[in-house]
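# Observations on the model geometry
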Amino acid sequence: MSAKILKTWEEHLEHLRQILGEFPDRRTGDNTSYSMEDIGLGAFSVFFTQCPSFLAHQKTMEQAKGQSNAQSLFHLEEIPSDNHIRQMLDPVPPEKLFPCYDAALESLRQAAHLESWRILQDTLLLALDGTWYYSSDKIHCPSCSCLEHKSGDKTYYHSAVTPVLVAPGHEHAIPLRPEFITPQDGHTKQDCEIAAAKRWLEKNAAQYAPLQATLLGDDIYSHQPFCRRTLLHGFHFIYVCKPDSHTTLSNWVNLLQRPHLGTVHVRVKVGAHFHTYAYRYANRVPLAEGANALKVNWCEVTVTDHKGQVVYRNGFVTDFKITDQNVAAIVAAARARWKIENENNNTLKTKGYHLEHNFGHGQEHLSSLLAAMNILAFLYHTFLSFTDQNYRLIRATLPTRKTFFDDLRALTRYMLFANWDALMDFMMRGLEIGPYAKPP
């Protein structure tokens, strides 16, 4: 965890600049017109503003006004070209950015923003999932994975495991250190994702296990080797468990009767009608065949609407002992896993961050480093949602995330702001909110 707690966006921006200044620099001699700080901040500003043309607009502004928002908002001294940025960042592994991820999380933790996220014996829910962030039929590099089609065509792609903190009833997802999937992981999604998730555990258990975290994952995680690794590294787990891929457990459960098979029914009002939640659970059932099989606790939920139609059914395995009193909470925690798709991956891909866009591919680390910067920008926006009252008020007033960033792009293209607070103040004044709200 970060030794110094960074409380404001300006402090995090200065920390980011410090980390970027430590990026490896292969230049020799006098060929250092731009610092690594400016090169890194130039790339990051594109993702933070969700504006691929941000640097071009700021160069135009600098020529006209002698200064730009790249300097005042992001503290660049000089604005490098896009090609120079790509060339200089290609050798930099994405792990170099991880101290920024850690500092943002620690700031939220120290400010007690995560306390209301705790559930199930005071744990935080940490969801794992794999996602693509680049694909092409032609452009590829040594770090690309390759999917070969029956036609003989090939799709080259990059993907990553993107862990996030989630919680039932909370709209945000908080990105953590990603793990990038590389060719040695294999060529199928399951092999790639699981191999990367195992590496993520090895590398990051010391960082995240002290949070008292419970890992969430889909069916590919709920197999004996990964469950054992999860426990070995100090995490709890709740993983999706499908009957087709867990026949031993499924057959075992189907033979159980009371008192070894628990059942709970709950009616929940949804709109004008009630849904019925039917839970079944059993403790200490074998996850696989064999005398040394890991014993897990299993539960299932079937949700039916007022017409008796099944609207949702799923099963899960966990190391938490299941009771009548906690089975609903365990299932609610397990179902929070969807937030990694909706609040994280889907937001990054379709809500302005353009995660799957090819911002630059390179031959070494460029694609993964830029993806890490993009996710970091999302993390900083989430940090601002928790800690910056003005940012939160403006985001709540504007109808969508897209509207906010459309306004941000337009304002920073045509107007010069002294700092972030000045930009937020201008937007509040224009919207007539906060200190500029008209009296009723």
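Heads up: these notes are all about the structure in this document. (Residues numbered from 1 in each chain as written. Predicted model: local features only at pLDDT ≥ 70, side-chain atom pairs only at ≥ 80, totals over all residues. Heavy atoms only, no water.)

### Things to note about the overall build of the chain
The helix and strand tally for the chain stands at 15 helices and 13 strands. Principal axes of the C-alpha set define a box for the chain whose edges measure 80 × 65 × 45 Å. A total of 440 residues make up the chain; the buried ones form 52% of that total. For the chain, the accessible area works out to roughly 20,100 Å², and carbon and sulfur atoms hold 49% of it. Averaging the locations of the 44 positively and 46 negatively charged side chains of the chain gives two centres separated by 7 Å. (Helix = DSSP H or I, 4+ residues; strand = E, 2+ residues; numbered from the N terminus. Buried < 20%, exposed > 50% of the residue type's maximum accessible area, 1.4 Å probe, protein only. Areas by Shrake-Rupley, 256 points an atom, 1.4 Å probe, with all protein chains shown as cover. Lys, Arg positive; Asp, Glu negative; His and termini not counted. Charge placed at Lys NZ, Arg CZ, Asp CG, Glu CD.)

### A short note on unusual backbone geometry
Not every positive phi belongs to a glycine, and His75 is a case in point at roughly 65 degrees. Phi at Asp122 takes a positive value of approximately 65 degrees, unusual for a residue other than glycine. Of note, Asp122 is situated in the loop between helix 6 (98-110) and strand 1 (124-127). By relative accessible area, Asp122 is classed as partly exposed at 42%.

### What to know about the sheet that holds strand 10 (residues 262-270)
Here we have 9 strands laid out as an open sheet, ordered 6-5-1-8-9-13-12-11-10, and mixed in their pairing. Each having just a single partner strand, strand 6 (174-175) and strand 10 make up the two edges of the open sheet. With respect to the sheet, helix 9 (residues 247-255) is in contact with strand 11 (273-286), strand 12 (295-304) and strand 13 (310-318), its orientation differing from that of strand 11 by roughly 105 degrees. (Pairing = 2+ DSSP bridges. Contact = heavy atoms within 4.5 Å. Axes fitted to C-alpha atoms, helices over the stretch in contact; angles between N-to-C directions.)

### Some points on the environment of Asp305
Along the polypeptide, Asp305 turns up in the loop between strand 12 and strand 13. Note: C-alpha distance between Asp305 and Val270 (35 residues apart in sequence) is 8.9 Å. If near-sequence neighbours (up to four positions away) are discounted, Asp305 is found in contact with Phe274, His275 and Val311. At 2.9 Å, the side chain of Asp305 and the backbone nitrogen of Lys307 are in polar contact. (Polar contact = N/O pair within 3.5 Å; in protein donor to acceptor, adjacent residues only side chain to side chain.)

### A look at the packing of aromatic side chains
Across all of its chains, the model carries 21 aromatic pairs by this definition. Considering the side-chain rings of Phe48 and Phe74, the 5.7 Å spacing of their centres and the 80 degrees angle between planes classify their relative orientation as edge-to-face. With Phe48 in helix 2 (residues 36-48) and Phe74 in the loop between helix 4 (69-72) and helix 5 (82-89), this pair connects stretches of sequence that are 26 residues apart. Phe48 gets classed as buried once you look at its relative accessible area, which sits at 1%. Summarising the aromatic geometry, the rings of Trp117 and Phe386 are spaced 6.1 Å apart at their centres and angled 45 degrees between planes, so their arrangement reads as tilted. Taken together, the positions of Trp117 in the loop between helix 6 and strand 1 and Phe386 in helix 12 (residues 366-387) put the pair 269 residues apart, joining distant regions of the chain. By the ring-pair criterion, three or more aromatic residues cluster together here, those being Trp9, Phe44, Phe48, Phe54, Phe74, Tyr380, Tyr391, Phe404, Phe405 and Trp420. It is Arg395 that lies over the ring of Phe404; its NZ or CZ is 5.9 Å from the centre. (Phe/Tyr/Trp six-rings, centres within 6.5 Å; stacked < 30°, edge-to-face > 60°. Lys NZ or Arg CZ within 6 Å of the ring centre and 35° of its normal.)

### Considering the packing of helix 6 against helix 12
Contact geometry of helix 6 with helix 12 gives a least axis separation of 10 Å together with a crossing angle of 15 degrees. Considering the angle they form, helix 6 stands roughly parallel to helix 12. Considering only the axes of helix 6 and helix 12, their crossing is left-handed. Residues Cys100, Tyr101, Ala104, Ser107 and Leu108 of helix 6 form the contact with helix 12, whose participating residues are Ala372, Ile375, Leu376, Leu379, Tyr380, Phe383, Phe386 and Thr387. (Parallel < 35°, antiparallel > 145°, perpendicular 65-115°, else oblique. Left-handed = near helix turned anticlockwise from the far one by under 90°.)

### Here's the deal with the pairing of strand 11
With 9 bridges joining them, strand 10 and strand 11 adopt antiparallel strand pairing. Looking at strand 11, one finds that Val270 is bridged to His273. Turn length for the strand 10-strand 11 hairpin, with the two strands adjacent in sequence and antiparallel, is 2 residues, and the turn residue Gly271 shows positive phi of about 70 degrees. Where strand 11 and strand 12 come together, 9 bridges link them in antiparallel fashion. Its bridge partner lying in strand 12, Tyr277 is registered against Val303.

### Looking at the pattern of salt bridges
Per the stated rule, a full pass over the model turns up 15 salt bridges. A salt bridge links Asp102 to Arg177; its shortest N-O distance comes to 2.5 Å. Placement of the pair is Asp102 in helix 6 and Arg177 in the loop between strand 6 and strand 7 (179-181), with a sequence separation of 75 residues. Both residues of the pair, Asp102 and Arg177, belong to the buried class. Residues Asp425 and Arg429 are paired through a salt bridge, measuring 3.9 Å at the closest nitrogen-oxygen approach. With Asp425 and Arg429 both in helix 15 (residues 420-431), this residue pair falls 4 residues apart, about one helical turn. On the basis of relative accessibility, which here comes to 47%, the residue Arg429 falls in the partly exposed class. (Salt bridge = Lys/Arg side-chain N within 4 Å of Asp/Glu carboxyl O.)

### Focus: the side chain of Thr318
Of note, Thr318 is situated in strand 13. Among the residues examined, Thr318 registers a relative accessible area of 1% and is labelled buried. There is a polar contact of 3.1 Å between the side chain of Thr318 and the backbone nitrogen of Phe320. Excluding residues that lie within four positions of it along the chain, Thr318 makes contacts with Phe237, Ile238, Val296, Asn297 and Ile330.

### A few points about the packing of helix 1 (residues 9-21) against helix 2
Interaxial distance between helix 1 and helix 2 falls to 8 Å at its minimum, and their mutual angle equals 130 degrees. Regarding the angle of helix 1 to helix 2, the classification is oblique. The chirality of how helix 1 crosses helix 2 is right-handed. On helix 2, the residues that touch Trp9, Leu13, Leu16, Arg17, Leu20 and Gly21 of helix 1 are Met36, Glu37, Asp38, Gly40, Leu41, Phe44 and Phe48.

Read these as geometric descriptors, not functional statements.
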